[in-house]
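# Fold and contact review
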Amino acid sequence: MVASEFPRRLYTKGFEPAPDKSIGYYADDYRLVPALKSALEEDEWEEIYESPLGVFLKFHELDFGWASRLVHHMLTFQIVCKQRYEIWSLIGTTPVRFSLHEFEEITGLNCGYVDDLALTDLALVDDMRAFWELMGVDAESGPSTTKIIEACSNCSSWSRDDRLRLGYLGIYAGFIVATRPGSSTNVNHARLVMDLEGFKEFPWGRIAFQHLIKSAKEKDLSKNIHIEGFVQALQVWVYYALPDFAAEFGKPLPNVTEEPLLLAYKGSRGRKNVKANMLKQARIQSCMAKDLEDMFPVWDDDKQDPDIVKIVNALHDPNFKFSKNHWPLEGVLGAHIVKSEAGKRSLPSDESSRKRPCTASASAASFVGDEGVGVVATMKAHFDQCFKSFSTKMLNGLGSCEKQIKRLTEKVESVERAVEELTTGSAKHTEKSQPSSRALDPRNMKGLHSCLIFTNVQHMEAYINLLRLRLSKHPEWFVSDRICFLNSMFATVWRRDYKDFKKSERNADGSGKLLPPGAYSYYTGELPIYCQTKKTWAYDVDYLYSMLHIREDHWVAIWVSFVTKHITIWDSHAATKYASDEQIAEAVEPLALMIPYLLQTCAPDDDKWRFPYTSFTHSRVPGTEIPQNIQSGDCGVYCLKYIECHALDLPFPPELCDKNIQKIREKMAAELFDETGCRGHDKLDAIGLDVYDRKA
């Protein structure tokens, strides 16, 4: 077989849309599942949990880590497939398929064929009408996820069968269809719930796959997108196709043998080098192994693509091996990138080719013309441009290298002196810094306390700035580049202005309350000023890290998740409850209420449904699960190390303990001096604090 016999790439290699746009999903399971569990009796929950559809509830319990970047890369690797219900992607030179067969293998759901999948002849009967009235839903509409959640709070007096129906409809709306929470679902499919046994036996896997594949194939990957359906199946498909990659990055669960593949991984958010790790895989599983005549799932409204048939035939030929020659670099979405003003073909600059995403507004369902890039001419232009500036860059680089070596030598010497002074100290310095007996008088403790707190704040800000600097330079080190480190002023100002927020009047739709100064700047990544991210919360950022100063002398770390709408608190004195649960709740409450309010206020009108005014939940991690500060006075170090370890996707090490705390302090000081030169930041983050600014 020759290259012309196989489908072309969707995107020209090297010009795929960059994964800097998020792929979201509509499932609201973090509200839906708790609502269902509280509404159902224990035996009712157990019945649904052990049913064929219980796999979704089991999956929810995994707290699966959604890797938007991983799925994005897999979709940009697509080759042209004209079949409605299949996606084919190219890993290296090996094509891999996502079809109903693979979906069934991944989820374990019933994906069998039925003559009338749309159920067009299902009539409305009195029992259906009565149950729809119970739910508060129009009889001609399928219930939305929002309506089901609302019904959960009013179903205690319902019959057992009606509560079971509500539970199954929750799975249908929240996982199988997974469209906008406020959107109605297919009423014919929803009506099946009146026959509980028939509902459980219906091929819901086929419905779930149909919603997912249609939504995925029509999206423009150069934009922020939301995919309908059970989108996490796409990530598990990557694990299915790349088993060695899954073993290293998918966080496989131990001793999982009989469960579907969906329940075998906890998932892990992608890193910057995820694409390289995918492409270097040697063991690739192209598709579900079946006889040639059974390779294509049966769909009434789909036809086989002759080019895809050739791929399937090649996969079944034991003597055939795919090579680079079968897959030209040029894709159907590449011609627009390389046309110059004169009509000649040229290549963008090296910088733009690396950093600028493909800007074609197109998807796998719509293509531009066949005119493309001449590969030889393209590569020649690329090399000519590279070598043209090579000599100049080398000379400039050598000159700056000498300066850097000199500066680094001076820094190392300074660090050595600083560490020696920290370790040994001097009698003269100790004598001068020792407070007098008058300074320790209880009447003067308030002033001393304020001085110490100010110093601690500066230390905390310096190290959180260091983490922000590292993230800007080396995002691949961290659990994801969709995180943000906030300064302590963020929480301090928001807690200070919480009373003003509560007192301010709201509009009829709930909007209009007074948010703290600078709130929008935090939302857009303009604050903190040092190493600005310019990333928007909940769109480009999934998680926030910051610290709270409570009881006037104690630091705790916080982790805010926009995904789960939850705030996690790491407290080095959690075991002793130095800060009581009530004090923690009081400190977190302003953030838990005002963050979702800010997200709702700033979201575009067509996206506000995603961000209800509902308060974020919070929890403090028990002291038995994280390192604890037994002696007093080191809470700041523990707080910063909690944040650093978690952001780097590392477990909290046992070496983080009081015994090693002095060495940890010295190492942190040396790192600060070495990486920032102790310069800190040049601009003040505390903007918008004037009373006139707050009126805006």
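Residues numbered from 1 in each chain as written. Predicted model: local features only at pLDDT ≥ 70, side-chain atom pairs only at ≥ 80, totals over all residues. Heavy atoms only, no water.

### Structural notes on the overall build of the chain
In terms of regular secondary structure, the chain is built from 26 helices and nine strands. Counting over 696 residues, the chain shows a buried share of 49%. In the chain, the share of contacts with a sequence separation of at least 24, taken over all contacts with a separation of at least 6, comes to 74%. Carbon and sulfur atoms provide 52% of the accessible area of the chain, an area that totals close to 34,700 Å². (Helix = DSSP H or I, 4+ residues; strand = E, 2+ residues; numbered from the N terminus. Buried < 20%, exposed > 50% of the residue type's maximum accessible area, 1.4 Å probe, protein only. Contact = heavy atoms within 4.5 Å. Areas by Shrake-Rupley, 256 points an atom, 1.4 Å probe, with all protein chains shown as cover.)

### Quick word on the layout of surface pockets
Roughly 820 Å³ of internal volume is contained in the second largest pocket. The wall of the second largest pocket is formed by 41 residues, among which Tyr25, Phe562, Val563, Lys565 and Arg610 lie closest to the centre. At the level of secondary structure, the elements contributing two or more residues to the lining of the second largest pocket comprise strand 1 (23-25), helix 1 (29-39), helix 3 (55-61), helix 7 (145-152) and helix 24 (581-602). Among the residues making up the lining of the second largest pocket, the classes are represented as 22 nonpolar, nine polar and ten charged. (1 Å grid on protein atoms, 1.4 Å probe; cavity = no way out; pocket = protein on both sides within 12 Å on 5 of 7 lines; lining within 4 Å. Points joined across faces, edges and corners; volume = space filled by probe spheres on them. Nonpolar A, V, L, I, M, F, W, Y, C, P; charged D, E, K, R; others polar.)

### Brief notes about the pairing of strand 2 (residues 87-91)
Of all five residues in strand 2, five are buried, a share of seventy percent or more. Here strand 2 shows two buried faces, one formed by Ile87, Ser89 and Ile91 and the other by Trp88 and Leu90. What sits between the antiparallel neighbours strand 2 and strand 3 (residues 94-98) is a turn of two residues, in which Gly92 has the positive phi angle 70 degrees. (Pairing = 2+ DSSP bridges.)

### Digging into the packing of helix 21 (residues 488-496) against helix 24
The axes of two packed helices give the description: the angle between them and the distance between them. In the contact formed by helix 21 and helix 24, the axes pass within 9 Å of each other and the chain directions differ by 90 degrees. Taken as axis vectors, helix 21 and helix 24 run roughly perpendicular relative to one another. Seen from helix 21, the contacting residues are Phe490, Ala491, Trp494 and Arg495; seen from helix 24, they are Ala587, Pro590, Leu591, Met594, Ile595 and Leu598. Along the lines of polarity and charge, the residues of the contact of helix 21 with helix 24 split into nine nonpolar, no polar and one charged. (Axes fitted to C-alpha atoms, helices over the stretch in contact; angles between N-to-C directions. Parallel < 35°, antiparallel > 145°, perpendicular 65-115°, else oblique.)

### Digging into unusual backbone geometry
With an omega of -5 degrees, the peptide bond running from Leu527 to Pro528 counts as cis. Backbone geometry at Lys577 places phi at a positive 55 degrees, although glycine is not the residue there. Residue class for Lys577 comes out partly exposed when judged on its relative accessible area of 43%. Despite not being glycine, Asp649 has its phi angle at roughly 60 degrees, a positive value. In this structure Asp649 comes out as partly exposed when scored by relative accessible area, which is 29%.

### Remarks on the environment of Trp132
With respect to the secondary-structure elements, Trp132 resides in helix 6 (residues 126-135). Between the alpha carbons of Trp132 and Gly142 there is a distance of 8.9 Å; along the sequence they are ten residues apart. Here the side chain of Trp132 touches Ser141 through a polar contact of 2.7 Å, landing on its backbone oxygen. (Polar contact = N/O pair within 3.5 Å; in protein donor to acceptor, adjacent residues only side chain to side chain.)

### What about the nonpolar core?
Counting residues in hydrophobic clusters, the biggest one holds 103 residues, and the most contacted among them are Phe98 and Met278. Considering each element in turn, this core owes the most residues, ten residues, to helix 8 (residues 160-177). Shared between two domains, this core takes at least three residues from each, and those domains are domain 1 (1-17 + 64-113 + 231-336) and domain 2 (29-62 + 118-202). (Core = buried A, V, L, I, M, F, W, Y, C linked by side-chain atoms within 4.5 Å. Domains from an automatic or database assignment.)

### With respect to the pairing of strand 3
Regular strands show a simple pattern: their side chains alternate between the two faces of the sheet. For strand 3, the buried fraction is high: four of the five residues fall into the buried class. Two strands pair when backbone bridges link them, and strand 2 and strand 3 are joined in this way by five bridges, in the antiparallel orientation. Counterpart to Trp88 in the pairing with strand 3 is Arg97.

### Some details on the sheet that holds strand 7 (residues 554-561)
In spatial order, the strands read 5-6-7-8-9; together these five strands make up an open sheet with mixed pairing. Of all the strands in the sheet, the pair left with one neighbour each is strand 5 (483-485) and strand 9 (617-620). The sheet shows a mean angle of 25 degrees between the axes of neighbouring strands, direction not considered. By the bridge criterion, eight bridges tie strand 6 (residues 543-550) to strand 7 in an arrangement that is antiparallel. Its bridge partner lying in strand 7, Tyr545 is registered against Trp559.

### Some words on the state of the cysteines
Taken as a whole and judged by the stated rule, the model has zero disulfides. Cys152 takes part in no disulfide bond, and the closest cysteine sulfur, belonging to Cys155, lies 5.6 Å away. (Disulfide = S-S within 2.5 Å.)

### Topic: the packing of helix 7 against helix 8
Close contact between helix 7 and helix 8 brings their axes to 9 Å; oriented N to C, the two are set at 150 degrees. Considered as vectors, helix 7 and helix 8 are oriented roughly antiparallel to each other. Relative to helix 8, helix 7 is oriented so that their crossing is left-handed. When helix 7 is examined against helix 8, the residues Thr145, Ile148, Ala151 and Cys152 are found in contact with a partner set consisting of Leu166, Leu169, Gly170, Ala173 and Gly174. In terms of residue class, the contact of helix 7 with helix 8 is made up of six nonpolar, three polar and no charged. (Left-handed = near helix turned anticlockwise from the far one by under 90°.)

### Concerning helix 1
Side chains three or four residues apart in an α-helix point the same way, a direct result of the helix having 3.6 residues per turn. Of the residues making up helix 1, those classed as buried are Asp29, Leu32, Val33, Ala35, Leu36 and Ala39. Angularly, the buried residues of helix 1 cover 165 degrees about the axis, an arc narrow enough to put them on a single face. Contact partners of the buried residues in helix 1: helix 2 (42-49), helix 3, helix 7 and helix 8. (Arc of directions from axis to C-beta.)

### Side note on the packing of aromatic side chains
One pass over the structure, following the stated rule, counts 42 aromatic pairs. Taken together, a centroid distance of 5.1 Å and an interplanar angle of 40 degrees make the contact between Phe59 and Phe64 tilted. Across the pair, Phe64 and Phe59 agree in class, each one buried. Between the aromatic rings of Phe98 and Phe103, the centroid separation amounts to 6.4 Å while the plane-to-plane angle is 75 degrees, which identifies the pairing as edge-to-face. Accessibility assignment for this pair places Phe98 and Phe103 in one class, buried. A network of ring pairs unites the aromatic residues Tyr85, Phe98, Phe103, Phe209, Trp237 and Trp299 as a single cluster. Lying across the ring of Phe501, Lys513 places its NZ or CZ 5.1 Å from the centre. Cation over ring: Arg551 sits above Tyr578, and NZ or CZ is 4.0 Å from the ring centre. (Phe/Tyr/Trp six-rings, centres within 6.5 Å; stacked < 30°, edge-to-face > 60°. Lys NZ or Arg CZ within 6 Å of the ring centre and 35° of its normal.)

### Looking at the pattern of salt bridges
Under the criterion given, the structure shown has 30 salt bridges. The residue Arg610 makes a salt bridge to Asp607 at a minimum N-O spacing of 3.2 Å. Residues Arg610 and Asp607 agree in their burial class; the two are buried. One connected set of salt bridges, linked through shared partners, spans Arg470, Lys641, Glu644, Lys667, Glu671 and Glu675. (Salt bridge = Lys/Arg side-chain N within 4 Å of Asp/Glu carboxyl O.)

### Quick word on the confidence of the model for the chain
Here the chain averages 82 in pLDDT, and 78% of its residues register 70 or above. This stretch, residues 335-361, has a pLDDT under 50; its non-local contacts, to residues over four places away or in other chains, come to 44 contacts. Note on residues 425-455: pLDDT under 50 across the span, and 13 contacts to partners over four residues away in sequence or across chains. (pLDDT = per-residue confidence, 0-100.)

### Observations concerning the environment of Glu644
The topology assignment puts Glu644 in helix 25 (residues 635-647). Residue classification places Glu644 among the buried residues on the basis of a relative accessible area of 9%. Through-space distance from the C-alpha of Glu644 to that of Tyr463 is 9.7 Å; in sequence the pair is 181 residues apart. At a separation of 3.0 Å, a polar atom in the side chain of Glu644 contacts the side chain of Tyr463.

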